[in-house]
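Below, each chain spelled out in residue letters.
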Amino acid sequence: MLRYLPFLLVLALWIYAFIDCLNTPEEEVRGLPKVVWVLIILLFGEVLVGPVAWLVAGKVRHGGASGEGAGPRREWVAPDDNPEFLKSLQDDRAKQDEQLLKDWEEDLRRREEELKRREAGEDPKDG
């Protein structure tokens, strides 16, 4: 079983580099056109030259936590810190409150009409 491990590792690196190359936007590919990189990975994958070349020189890599890298990185904001999300919640709540108020007002008018009919001696089920 252990004799298959090197083959599986090479295969895993080959597949990873191939998928990474396919998913990389064209503007982040360095040196050669993307199609050429795909061919290099496929043709020289068994000897690890293609996948290693792609991982080392083919793609623009962004820096890690140190902040180094090419281009701005988008910072994720938690929903409770995102002003747009909070405003959308506020707007939704205002719409719900407005609808609830309209429903209550309509119910109140209906009840007032029923009460007036009863006081006038009419049967509320007739109207």
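Since the model is a prediction, treat every value here as computed from it, not as a measurement. (Residues numbered from 1 in each chain as written. Predicted model: local features only at pLDDT ≥ 70, side-chain atom pairs only at ≥ 80, totals over all residues. Heavy atoms only, no water.)

Novice: It is not clear to me how the overall build of the protein should be interpreted in this structure. Could you clarify?
Specialist: Along its length, the protein carries 4 helices and 0 strands. Sequence-ordered secondary structure for the protein, helices as α and strands as β, is α-α-α-α. Among the 127 residues that make up the protein, the fraction classed as buried is 13%. Summarising the internal contacts of the protein: among those between residues at least 6 apart in sequence, 48% fall at separations of at least 24. Surface exposure of the protein reaches about 10,700 Å², of which carbon and sulfur atoms provide 60%. (Helix = DSSP H or I, 4+ residues; strand = E, 2+ residues; numbered from the N terminus. Buried < 20%, exposed > 50% of the residue type's maximum accessible area, 1.4 Å probe, protein only. Contact = heavy atoms within 4.5 Å. Areas by Shrake-Rupley, 256 points an atom, 1.4 Å probe, with all protein chains shown as cover.)

Novice: Got a minute to help me understand the pattern of salt bridges in this structure?
Specialist: Oppositely charged side chains are able to pair whenever their charged atoms sit close together. This model, assessed by the stated rule, comprises 7 salt bridges. Of the charged contacts in the structure, one is a salt bridge between D97 and R93, with a shortest N-O distance of 3.5 Å. Taken together, the residues span about one helical turn, with D97 and R93 both in helix α4 (residues 83–120) at a distance of 4 residues. Here E105 ties to R109 by a salt bridge, and the two come within 2.7 Å at their closest N and O atoms. Here the residue E105 and the residue R109 both occupy positions in helix α4, the gap between them amounting to 4 residues, near one helical turn. (Salt bridge = Lys/Arg side-chain N within 4 Å of Asp/Glu carboxyl O.)

Novice: Which parts of the structure should I look at to understand the packing of aromatic side chains?
Specialist: Aromatic ring pairs: the centre-centre distance and the angle between the two ring planes describe each pair. With the rule as written, the count across this model stands at 1 aromatic pair. Ring centres of W37 and W54 lie 5.6 Å apart, and the angle between their planes is 70 degrees; on these two criteria the pair is classed as edge-to-face. Of this pair, W37 sits in helix α2 (residues 34–43) while W54 sits in helix α3 (residues 49–58), placing them 17 residues apart in sequence. Accessibility expressed as a relative area gives 7% for W37, which makes it buried. (Phe/Tyr/Trp six-rings, centres within 6.5 Å; stacked < 30°, edge-to-face > 60°.)

Novice: What am I meant to see in unusual backbone geometry here?
Specialist: Peptide bonds are trans in most cases, and residues, glycine excluded, mostly fall at negative phi. With a phi angle near 70 degrees, L48 is a residue other than glycine that sits in the positive phi range. Mapped onto the elements of the fold, L48 is located in the loop between α2 and α3.

Novice: So what exactly am I meant to see when it comes to helix α1 (residues 5–23) here?
Specialist: In an α-helix, one turn spans 3.6 residues; hence positions three or four apart end up facing the same way. Relative to the 27 Å expected for 19 residues at 1.5 Å per residue, α1 spans 27 Å between its end C-alpha atoms, a close match to the ideal helical length. When we look at burial in α1, the residues that qualify are A17, D20 and C21. Projected onto a plane normal to the axis of α1, the buried residues spread over an arc of 100 degrees and lie on a single side. Residues of α1 that are exposed and angled more than 90 degrees away from the buried face: F7 and N23. (Expected span 1.5 Å × (residues − 1). Arc of directions from axis to C-beta.)

Novice: Looking at this structure, I do not really get the nonpolar core. What am I missing?
Specialist: Side chains of a nonpolar character, in soluble globular proteins, are inclined to be buried together. Membership of the largest hydrophobic core is limited to 7 residues, which are A17, C21, V29, W37, V38, I41 and W54. Elements supplying a minimum of two residues to this core: α1 and α2. Aside from chain neighbours lying at most four places away, what touches V38 is F18, C21 and L22. (Core = buried A, V, L, I, M, F, W, Y, C linked by side-chain atoms within 4.5 Å.)

Novice: Any chance you could explain α3 here in plain terms?
Specialist: Those residues of α3 not exposed but buried are G50, P51, W54 and G58. End-on, the buried residues of α3 take up no more than an arc of 100 degrees, which puts them together on one face. For α3, the secondary structure elements touched by its buried residues are α1 and α2.

Novice: Looking at this structure, how should I read the side chain of K34?
Specialist: Here K34 shows up in helix α2. With no salt bridge to any partner, buried K34 finds its closest opposite charge in E26, at an N-O distance of 5.1 Å. Those residues in contact with K34, other than ones at most four positions away along the chain, are C21, L22, T24, E26 and V29. (Lys, Arg positive; Asp, Glu negative; His and termini not counted.)

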